[in-house]
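Overview (structure and organization)
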Amino acid sequence: MTSLDGPRSRIVMNREDVDRMIMMRMDLDRYEAQLIPDLHERVRNLSLALKGLVAAARDVSPNNREEALATAQRVLAKEEDSNGH
């Protein structure tokens, strides 16, 4: 619970509110420091795999097609492993 106190409108908060706000900030810090960069890396990996598959689909060379498919499968397998599947 918060309230305004005195002529300077000082904010008074109870301990539970302060603890909750600290935990929210810690969660936000963890999200910014860990999850967002991890998601960016996953997007890069998946984009590369997709580009490889698109290039392979356009390429007439069976060797290039196989290499691109193998790379895409490795990236996708890595992503599945990191998701716990």
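Presented here is an overview of the structure given in this document. Predicted model only: the values in this text are computed from it and were never measured.

About the cut-offs
- Residues numbered from 1 in each chain as written.
- Predicted model: local features only at pLDDT ≥ 70, side-chain atom pairs only at ≥ 80, totals over all residues.
- Heavy atoms only, no water.
- Helix = DSSP H or I, 4+ residues; strand = E, 2+ residues; numbered from the N terminus.
- Areas by Shrake-Rupley, 256 points an atom, 1.4 Å probe, with all protein chains shown as cover.
- Patch = residues over 30% accessible without salt bridge, like charges linked within 9 Å, V, L, I, M, F, W, Y side chains within 5 Å.
- Salt bridge = Lys/Arg side-chain N within 4 Å of Asp/Glu carboxyl O.
- Buried < 20%, exposed > 50% of the residue type's maximum accessible area, 1.4 Å probe, protein only.
- Expected span 1.5 Å × (residues − 1).
- Contact = heavy atoms within 4.5 Å.
- Polar contact = N/O pair within 3.5 Å; in protein donor to acceptor, adjacent residues only side chain to side chain.

A separate point is the overall build of the chain. Tallying secondary structure elements over the chain gives two helices and two strands in all. Split by element, the accessible area of the chain, about 7300 Å² in all, is 59% carbon and sulfur.

On to a nonpolar patch on the surface, then. On the surface, Leu28, Tyr31, Leu35 and Leu39 cluster together to form a nonpolar patch covering roughly 320 Å² of accessible area. Turning to its location among the elements, tyrosine 31 is positioned in helix α1 (residues 15-58). Tyrosine 31 sits in the partly exposed class, given a relative accessible area of 39%.

Because an α-helix completes one turn every 3.6 residues, residues spaced three or four positions apart along the sequence face the same direction. Spanning 21 residues, helix α2 (residues 62-82) covers 30 Å between terminal C-alpha atoms, matching the ideal 30 Å at 1.5 Å per step. The secondary structure elements touched by the buried residues of α2 are α1.

Now for the environment of asparagine 45. With respect to the secondary-structure elements, asparagine 45 resides in helix α1. Judged by its relative accessible area of 13%, asparagine 45 is buried. Put simply, asparagine 45 and lysine 78 are 33 residues apart on the chain and 9.3 Å apart in space, counted from C-alpha to C-alpha. Leave out the neighbours within four places in its chain, and asparagine 45 touches Val75, Lys78 and Glu79.

Looking now at the environment of lysine 51. Within the secondary structure layout, lysine 51 lies in helix α1. For lysine 51, a relative accessible area of 59% translates into the label exposed. Distance in space between the C-alpha atoms of lysine 51 and alanine 68 is 8.9 Å, their sequence separation being 17 residues.

Once that is clear, we can look at α1. Compared with an ideal rise of 1.5 Å per residue, which puts 44 residues at 64 Å, α1 spans 63 Å between its outermost C-alpha atoms and is within 8% of the ideal. Among the residues of α1, Asp17, Asn45, Ala49 and Ala56 are the ones counted as buried. Where α1 begins, one side-chain oxygen reaches toward the backbone nitrogen of glutamate 16, 3.2 Å away; that side chain belongs to asparagine 14.

Any link to function would need more than the numbers given here.
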